[in-house]
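Summary of structural features
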Amino acid sequence: QLNSEQMEYLRVFRTAGDTLLNTINDILDLSKLEAGQVILEGVEFDLRGLVENTVEVLGMRAHEKGLELNCHFAPDVPTALVGDPIRLGAVITNLLGNAIKFTEKGEVVVHVESDPEANVPGALRFRVCDTGIGIPPDKLDVIFENFVQADSSITREYGGSGLGLTISRRLVELMGGRIWVESTLGEGSTFHFTARF
Ligand code: ADP
């Protein structure tokens, strides 16, 4: 039996523990990527299952905030692929987690389609769209660099280390793709990435 003060301590310790663990994991992932020690797997996986599972895992967080969370697959997208499902899942989780974190009302949608510019089978484009706070035009490129957040109030308000997008960018490059963002301040953001499977 804990009293309310002890419960509050426990909540604070738990949040601090989770934050610390996330930060350590991000630093480890990034060092491994920078050391050139991340080698992608080439295993068979089910794309639809992977995306739907990822959306489901983050669904609770979206639901708690009253956000709509959906995913949409274009009909021509192959679902049996060969690639690295864990790394692809990490990128989608990062983008989706950010989209939910930086959106107070509206919706977050993941779109999966063939890469319209590549024109080869297995070249896909993913889009994560939100109706959140948006990103100022002069920050659209720099947020993909180590430790950069859109402004100094972000850490205070939302936490985070500013490493997630750097890790995602490097993973996407290893998957033969690129990542970029379009955004309107106060209206929302769309993160795009391509990858080859
Ligand atoms: P973190 O989320 O830990 O701060 P990231 O590298 O994932 O680090 O993101 C870097 C910064 O990019 C964030 O701090 C935020 O300023 C901005 N950002 C990322 N995703 C979004 C989004 N969906 N909407 C608004 N801003 C975003």
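The coordinates are above.
Quantities reported herein were computed from a predicted structural model and do not represent experimental measurements.

The next subject is the pattern of salt bridges. Overall, the coordinates contain 8 salt bridges when judged by the stated rule. A salt bridge links Lys-65 to Glu-104, with the nearest nitrogen and oxygen atoms 3.5 Å apart. Pair noted here: Lys-65 is in the loop between helix H2 (47-64) and strand S2 (68-73) and Glu-104 is in the loop between helix H3 (85-101) and strand S4 (107-114), with a separation of 39 residues, a long-range link. One salt bridge connects Arg-87 with Asp-84, and the closest N-O pair in it is separated by 2.9 Å.

Let's shift gears to helix H5 (residues 164-174). Listed as buried for H5 are Gly-164, Leu-165, Thr-166, Ile-167, Ser-168, Leu-171 and Val-172. Where H5 is buried, its residues meet helix H1 (4-34), H3, strand S6 (179-184) and strand S7 (188-196).

Our focus in this paragraph is the state of the cysteines. By the definition in use, this model includes 0 disulfides. Cys-71 carries a free sulfur, and the closest cysteine sulfur to it, the one in Cys-129, is 12 Å from it.

Along the chain, Arg-156 turns up in helix H4 (residues 153-158). Separated by 30 residues in sequence, Arg-156 and Phe-126 have C-alpha atoms that sit 30 Å apart.

The next subject is the environment of Glu-145. Along the chain, Glu-145 falls in the loop between strand S5 (123-130) and H4. Residue Glu-145 is classed as partly exposed on the basis of its relative accessible area of 43%. With 21 residues separating them along the chain, Glu-145 and Thr-166 place their C-alpha atoms 5.4 Å apart. Those residues in contact with Glu-145, other than ones at most four positions away along the chain, are Gly-162 and Thr-166.

Conventions adopted
Residues numbered from 1 in each chain as written. Predicted model: local features only at pLDDT ≥ 70, side-chain atom pairs only at ≥ 80, totals over all residues. Heavy atoms only, no water. Salt bridge = Lys/Arg side-chain N within 4 Å of Asp/Glu carboxyl O. Helix = DSSP H or I, 4+ residues; strand = E, 2+ residues; numbered from the N terminus. Buried < 20%, exposed > 50% of the residue type's maximum accessible area, 1.4 Å probe, protein only. Contact = heavy atoms within 4.5 Å. Disulfide = S-S within 2.5 Å.

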